[in-house]
Amino acid sequence: MNIQMVDLLSQYDKIKIEIDTQITNVIRSSIFVKGGKVTEFEENLRKYLHTGHVIACGNGTDALQIALMALNLNEGDEVITTPFTFVSTLEVLVLMKLKPILADVDPDTFNISPESVMNCVTEKTKAIVPVHLYGQCSDLESLMNIAKTHNLVLIEDACQALGTEYHFTNGETVKAGTIGDIACNSFFPTKNLGAFGDGGAIYTSNDELGNSMRSIANHGMGIRYHYHRIGMNSRLDAIQAAILDVKLKYLDQYILARQNAAAFYDHELSGIQGLSIPVRATYSSHTFHQYTLKVPGRRDELQKYLKEKGIPSMVYYPIPLHLQEAYQFLGYKPGDFPIAEELSQQVLSLPMHTELSNDQLNFIVAAILEFFN
Ligand SMILES: *Cc1c(COP(=O)(O)O)cnc(C)c1O
């Protein structure tokens, strides 16, 4: 059986005619950068999210950098984020000459713990950047309370959570990325909404931030060739926008396919001694960018066993950021974030995509049951 972590070709095959037509239309329009399809896609995504501004940009890493640039922070200002994430979140803070302050995560949700964030706040703290890891929201209501109390900006790294819903305690439900002051998204091919190359977006409901981020993404330009601030060149090209605009129509269907696969895994794998299935937070839906098990003690052994059966699996992430070689200068040491460190030894993500068949799911689950028997 041919099983992949992510099967983008089968997904494309089902919408090939639509996608190919839209790509041809862009080529025939000869509007390749800005305007045209890019504007259309931004507007459609804005409506999907129910937010004020969507600004398409080059990738998710740029989105984070543009968000930080818009805040006019000073060198050495402190920004709190998680050690258990993709490197971008930390990388851009360092590139911006800000001081990253890491706060440990919650062992059940893998997301930054509001309690550890609270312990990190000083008078130099300016922002918090929670990451909605694997497709489930951080505890945003608690984090927003901390942000409000201490007058901090909250930037949601929503790169893994497009389409995820956040449930407030008052019953209100909104999309991930519309709660903090700014949110960042990535259209990397394997993300919930993936381009055929790189892409990203920034969202905000704040007009002032929206206008300055749009300008920053375009060299800091206002009127053509009038530069009001230092910016960068970060844009989504029209061919990617056209592809994303087609796929956006199917996003909810794609999310449902992921959730159905996750429900099957949950059902078949719950109760096995030696592994834990993903914990669902009460305040968030889960769009399962990744379906991630905890396998204390036997993670590598299970991964090897699955590999021998032709089943891929991945470790996101094997080394927490504070223990990465490049970030030693921050001065953290082993033991500083015990939960992130323990999780990096335990997590294993199973194949998760929109095209998993029942046969494939059964085969994967049977192999895992066999391993633990
Ligand atoms: C993918 C990802 C990014 C970066 O996105 P790119 O488009 O690859 O630059 C940032 N943060 C998180 C949590 C991600 O998963």
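Residues numbered from 1 in each chain as written. Predicted model: local features only at pLDDT ≥ 70, side-chain atom pairs only at ≥ 80, totals over all residues. Heavy atoms only, no water.

**A look at the packing of aromatic side chains**
Centre-to-centre distance and the angle between the planes together describe a pair of aromatic rings. Put simply, the rule is: Side-chain rings of Phe, Tyr and Trp (the six-membered ring for Trp) are treated as a pair once their centres are within 6.5 Å; stacked means planes under 30 degrees apart, edge-to-face means over 60, and tilted covers the remaining angles. When a residue's accessible area, from a 1.4 Å probe over protein chains only, is under 20% of the maximum for its type it is buried; when over 50% it is exposed; and in between it is partly exposed.
Summed over all chains, the structure comprises 16 aromatic pairs. Ring geometry for tyrosine 327 against phenylalanine 329: centres 6.4 Å apart, planes inclined by 35 degrees, an arrangement best described as tilted. Relative accessible area serves as the criterion here: at 57%, phenylalanine 329 is assigned to the exposed category. Through successive ring pairs, a cluster of aromatic residues spans Phe84, Phe86, Phe110, Tyr134, Tyr316 and Tyr317.

**With respect to the layout of surface pockets**
The line we're drawing: Only protein atoms enter the 1 Å grid used here. Points where a 1.4 Å probe fits but cannot escape make up a cavity, open sets with protein on both sides within 12 Å along at least five of seven lines make up a pocket, and a residue lines them when an atom lies within 4 Å of a point. Grid points are joined across faces, edges and corners, and a volume is the space filled by probe spheres set on the points. Helix and strand assignments follow DSSP, with helices taken as H or I runs no shorter than four residues and strands as E runs no shorter than two, numbered in order from the N terminus. Each residue gets one of three labels, nonpolar for Ala, Val, Leu, Ile, Met, Phe, Trp, Tyr, Cys and Pro, charged for Asp, Glu, Lys and Arg, and polar for the others, Gly among them. Boundary definitions for the domains trace back to an automatic or database domain assignment.
What the largest pocket holds in volume is close to 460 Å³. In terms of lining residues, the largest pocket is bounded by 24 residues, among which Phe86, Phe188, Thr190, Lys191 and Tyr317 are the most central. At three residues, helix α4 (residues 60-69) tops the list of elements feeding residues into the lining of the largest pocket. Considered class by class, the residues forming the lining of the largest pocket number nine nonpolar, twelve polar and three charged. When residues are assigned to domains, the lining of the largest pocket turns out to be shared by domain 1 (8-104 + 112-248) and domain 2 (251-372), each giving three or more.

**Here's the deal with the domain arrangement of the protein chain**
Rule in force here: Defined in terms of a 1.4 Å probe, buried area is the accessible area two parts forfeit on being brought together, summed over both. Counted as salt bridges are all cases of a side-chain nitrogen of Lys or Arg within 4 Å of a carboxyl oxygen of Asp or Glu. Here a polar contact is recorded for every N or O atom pair within 3.5 Å, except that within protein the pair must consist of a potential hydrogen donor and a potential acceptor, and residues adjacent in sequence are included only if both atoms are side-chain atoms.
Entries for the protein chain in the domain assignment read domain 1 (8-104 + 112-248) and domain 2 (251-372). Taking only C-alpha atoms, the centre of domain 1 and the centre of domain 2 are 24 Å apart. Carbon and sulfur atoms make up 59% of the area that domain 1 and domain 2 hide from each other, which totals about 3300 Å². In terms of surface lost to domain 2, no three residues of domain 1 exceed Phe84, Tyr134 and Gln136, which account for 23% of the buried area on that side. On the surface where domain 1 and domain 2 come into contact, there are one salt bridge. Linking glutamate 355 and lysine 14 is a salt bridge whose minimum nitrogen-to-oxygen distance equals 2.5 Å. Our count for the contact surface shared by domain 1 and domain 2 stands at 21 residue pairs in polar contact (both at pLDDT 80 or more).

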